[in-house]
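These are the residues of each chain, in order.
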Amino acid sequence: MTASCKHCIDLLVDYVDGALPPDQQSTLDGHLHGCGACEEFLATYRATTTLCKKALAKEMPESLANKLHAFIQQTVGAVKKG
Ligand SMILES: [Zn+2]
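Attention in this report is confined to the structure presented alongside it. Along every chain, residues carry numbers that run from 1 in the direction the sequence is written. Whole-chain, interface and lining totals are the exception, using all residues; otherwise, since this is a predicted model, local features are given only for residues with pLDDT of at least 70 and side-chain atom pairs are given and counted only at 80 or more.

1. Overview of the overall build of the protein
In terms of regular secondary structure, the protein is built from four helices and zero strands. The secondary structure listing takes helices from DSSP runs of H or I that are at least 4 residues long and strands from runs of E that are at least 2 residues long, numbered from the N terminus. Along its sequence from the N terminus, the protein presents helices and strands in the succession α-α-α-α. For the protein, the spread of C-alpha atoms along the three principal axes comes to 45 × 25 × 20 Å. With C-beta atoms placed from the backbone, a residue is labelled by how many other C-beta atoms lie within 10 Å of its own: buried for 20 or more, exposed for 12 or fewer, partly exposed between the two. Every one of the 82 residues in the protein was classed for burial, and the buried ones make up 9%. Long-range pairs, those at least 24 residues apart, make up 59% of the contacts in the protein between residues at least 6 apart in sequence. By definition, residue pairs are in contact when their C-beta atoms, positioned from the backbone, come within 7 Å.

2. Details of the packing of helix H1 (residues 5-17) against helix H3 (residues 36-57)
In this analysis, axes come from line fits to C-alpha atoms, helices being fitted only over the stretch in contact, and the angle between any two N-to-C directions falls in the range 0 to 180 degrees. Contact geometry for H1 and H3: axes closest at 11 Å, N-to-C directions at 30°. One element, H1, and the other, H3, form an angle in the roughly parallel class. The element H1 and its partner H3 pack so that their crossing is right-handed. Seen from H1, the contacting residues are Cys5, Cys8, Ile9, Leu12 and Val16; seen from H3, they are Ala37, Cys38, Phe41, Leu42, Tyr45, Arg46 and Thr49. Each residue gets one label: Ala, Val, Leu, Ile, Met, Phe, Trp, Tyr, Cys and Pro are nonpolar, Asp, Glu, Lys and Arg are charged, and the others, such as Gly, are polar. Residues belonging to the contact of H1 with H3 are distributed by class as follows: ten nonpolar, one polar and one charged. Roughly parallel refers to an angle under 35 degrees, roughly antiparallel to one over 145, roughly perpendicular to one between 65 and 115, and oblique to any angle outside these ranges. The hand of a helix crossing depends on one turn: near helix anticlockwise from the far one by less than a right angle means left-handed, and clockwise means right-handed.

3. Digging into the nonpolar core
Cys8, Ile9, Leu12, Tyr15, Leu28, Leu32 and Cys38 together form the largest nonpolar core, which totals seven residues. Among the elements of the structure, H1 and helix H2 (22-34) are those that each provide at least two residues to this core. In terms of residues, this core owes the most to one element, H1, which gives four residues. To form a nonpolar core, buried Ala, Val, Leu, Ile, Met, Phe, Trp, Tyr and Cys residues must be joined through C-beta atoms within 7 Å.

4. Notes on the environment of Ser4
Its place among the elements puts Ser4 in the segment before H1. Its 11 C-beta neighbours within 10 Å are what place Ser4 among the exposed residues. Separated by 34 residues in the primary sequence, Ser4 and Cys38 have C-alpha atoms spaced 9.9 Å apart.

So, in structure tokens, the structure goes:
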């Protein structure tokens, strides 16, 4: 089964959180394996969330956390459109 990039990016947030059902996760795994664009997006997304978590651990103001979250959502939205 193949999945489109758009579909994968829709699932990516849950994928990174480990919140996807196993069947969807394996679909996404398969797609990421063969799709450089999505793999790269995942790497960027992971790096960003890791930075966020580090920053949060250091006590990030809630307003800043919300802004960062909005930024990530925007980035995801931009990729979906592209
Ligand atoms: Zn893709």
